[in-house]
Every structure is written in structure tokens, then in C-alpha cells.
Amino acid sequence: MKLYSLSILYKGSTKANLLKAAYDLSSFSFFQRSSVQEFMTFTSALIVERSSLGTRATIKEQEYLCHVYVRNDSLGAVVIADSEYPSRVCFTLLDKVLDEFSRQVNSTDWPSGSPATVHYTALDSHLAKYQNPREADAMTKVQAELDETKIILHNTMESLLERGEKLDDLVQKSEHLGNQSKAFYKTARKQNSCCEIM
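Remember, predicted model here, so these are calculated numbers, not experimental data.

1. Description of the environment of Ser 13
Then, in step 1: Residue placement: Ser 13 occurs in the loop between β1 (3–11) and β2 (16–23).
Then, in step 2: Under the relative-accessibility criterion, Ser 13 is labelled exposed at 82%.
Then, in step 3: In sequence terms Ser 13 and Ser 74 are 61 residues apart; their C-alpha atoms lie 9.4 Å from each other.

Quick look at the structure:
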């Protein structure tokens, strides 16, 4: 999972104006980086130009996904990621960046601004922080922890039954279960036999 580009643009009446951008092109060879950066800048501008105000969208370009959010005030942002990166985290990042940018940079500077004249320095740190969606996004982190717990529980149950013992045999041998509990287990087992996993 990787983020390659994070751009903030102003959607003008005829074209999009790049205000700030950050790139992580470390996975590309040194000689390709300038061309890749130009292509990502071009793609980001084109996507914002073609997007309607107040819309969010995801566009697939080869093995990359371009996530765009253009607000009603014509401020837009694009993040380019690989296809494995979670879309929800991308849109969370775009929301956060646009809100922060609009608070720090005056809206009168948006139509005529450029990366050299706009004073907003947080893009590089946001791009670096969001490289790992688990650390950057609390919801993704919780989901990853739940998945790990589920795998551990599944492995534990498999290792319990791995020695050739079946749960049915263990219930029959158990001295701690009364006859009524054993009968209940058998009845429940019969009722759920259509959905049996083991």
C-alpha cells in the first residue's frame, strides 16, 4: 500500500490551477522520477478540471487509483495511490488537507496562487504520515487489530482440534458437563448441522 502524490488545486472556469503538491516517488528509478511527477501533476489537474463541484470520485489509471474531491468553493485535492490502498482513508486525508488548507490560505489567493507563492507546508508531512493507513487512520487500525484477533482465535481453535479430537468426543468425555448440558449440545448440533463448518 502506497501513496504517490497529494495535490491541492483550484478549479477555475477553464482549467485547474495547481496550488501545492507533495510526491513520494522513491519506488521509481531516479531517471523516471521527473517524468512520473509531471504525469501525476498533469493527471491531477485533468481530473479536477473534469470533476463537478461538490463531488468525490475514484478514477483507475493502469494500476493506480486517483481519488479526487472537489468542494463547492472550487478547491480540490487529488491523491494518487496504488490499488491496495483503502479508498476511505484517501478521502479522509483529502477532507483533512482541504479543511486545513482553507483555514491557512486565504481564498483570494486560490485563483492566482502557485506552489511557489502559496505558503502551506503540511502536505509532505501528511503524505508521509498516511503512507501507513493503519497508523494514520484510527478506524483502519481497529479493523486490522480485529482481523489479527480473529486469525489468532481461528488458529487457536484449529490447534485445539488438531490432535484428532472432535468437539463431540470432548463433550462426551467431559466430567464437568451434566447430562442435561450434553443433551442440549447434541440438540443444538443437530439444529445447526446445515451450517456446520468443521
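That covers the picture; the talk isn't over yet.
2. What to know about the nonpolar core
A general feature of soluble globular proteins is that nonpolar side chains tend to end up buried together.
Then, in step 1: Core analysis: the biggest nonpolar cluster contains 28 residues, and Leu 3, Leu 6, Ile 8, Leu 19, Phe 101 and Tyr 120 have the highest contact counts within it.
Then, in step 2: For this core, the elements supplying multiple residues, two or more each, are β1, β2, β5 (75–82), α2 (87–104) and α3 (123–129).
Then, in step 3: A per-element tally of this core places α2 first, with eight residues.
Then, in step 4: Counting residues in each nonpolar core, the second largest holds 16 residues, with Val 36, Ile 47, Cys 66 and Val 78 among its members.

3. Regarding helix α1 (residues 33–50)
Then, in step 1: For α1, with 18 residues, the first-to-last C-alpha span of 26 Å sits near the 26 Å given by 1.5 Å per residue.
Then, in step 2: Residues of α1 that are buried: Val 36, Met 40, Thr 43, Ser 44, Ala 45, Ile 47 and Val 48.

4. A look at the sheet that holds β1
Then, in step 1: On the basis of which strands lie adjacent, the open sheet formed by five strands has the order β2-β1-β5-β4-β3 and antiparallel pairing. Each having just a single partner strand, β2 and β3 (55–61) make up the two edges of the open sheet. Pairwise comparison of adjacent strand axes, ignoring direction, gives a mean angle of 20 degrees for this sheet.
Then, in step 2: Relative to β5, β1 runs antiparallel, the two being bridged by seven bridges. Note that in β5 the partner of Leu 3 across the bridge is Ala 81.
Then, in step 3: Lying over the sheet, α1 contacts β1, β2, β3, β4 (64–70) and β5, oriented at roughly 45 degrees with respect to β1.
Then, in step 4: Its contacts with the sheet place α2 against β1, β2, β3, β4 and β5, and it is angled at close to 145 degrees to β5.

Rules and cut-offs
Just so you know, the residues in each chain are numbered from 1, in the order the chain's sequence is written. Given that the model is predicted, a residue must reach a pLDDT of at least 70 before its local features are reported, and side-chain atom pairs must reach 80 or more before they are shown or counted; all residues, however, enter totals for whole chains, interfaces and linings. Here the side-chain values reflect all heavy atoms present in the structure, with hydrogen atoms and water set aside. Helix and strand assignments come from DSSP, with helices taken as H or I runs of at least 4 residues and strands as E runs of at least 2, each series counted from the N terminus. Burial classes follow relative accessibility: with a 1.4 Å probe on protein chains only, a residue under 20% of its type's maximum area counts as buried, one over 50% as exposed, and anything between as partly exposed. Here, nonpolar core means buried Ala, Val, Leu, Ile, Met, Phe, Trp, Tyr and Cys residues that are tied together by side-chain atoms lying within 4.5 Å of each other. Each helix should span, by expectation, one fewer than its residue count multiplied by 1.5 Å. Paired strands are those between which DSSP finds at least two bridges. Interaxial angles span 0 to 180 degrees and are taken between N-to-C directions of axes, which are lines fitted to C-alpha atoms, for helices over the stretch in contact. By definition in these notes, contact holds between two residues if any of their heavy atoms fall within 4.5 Å.

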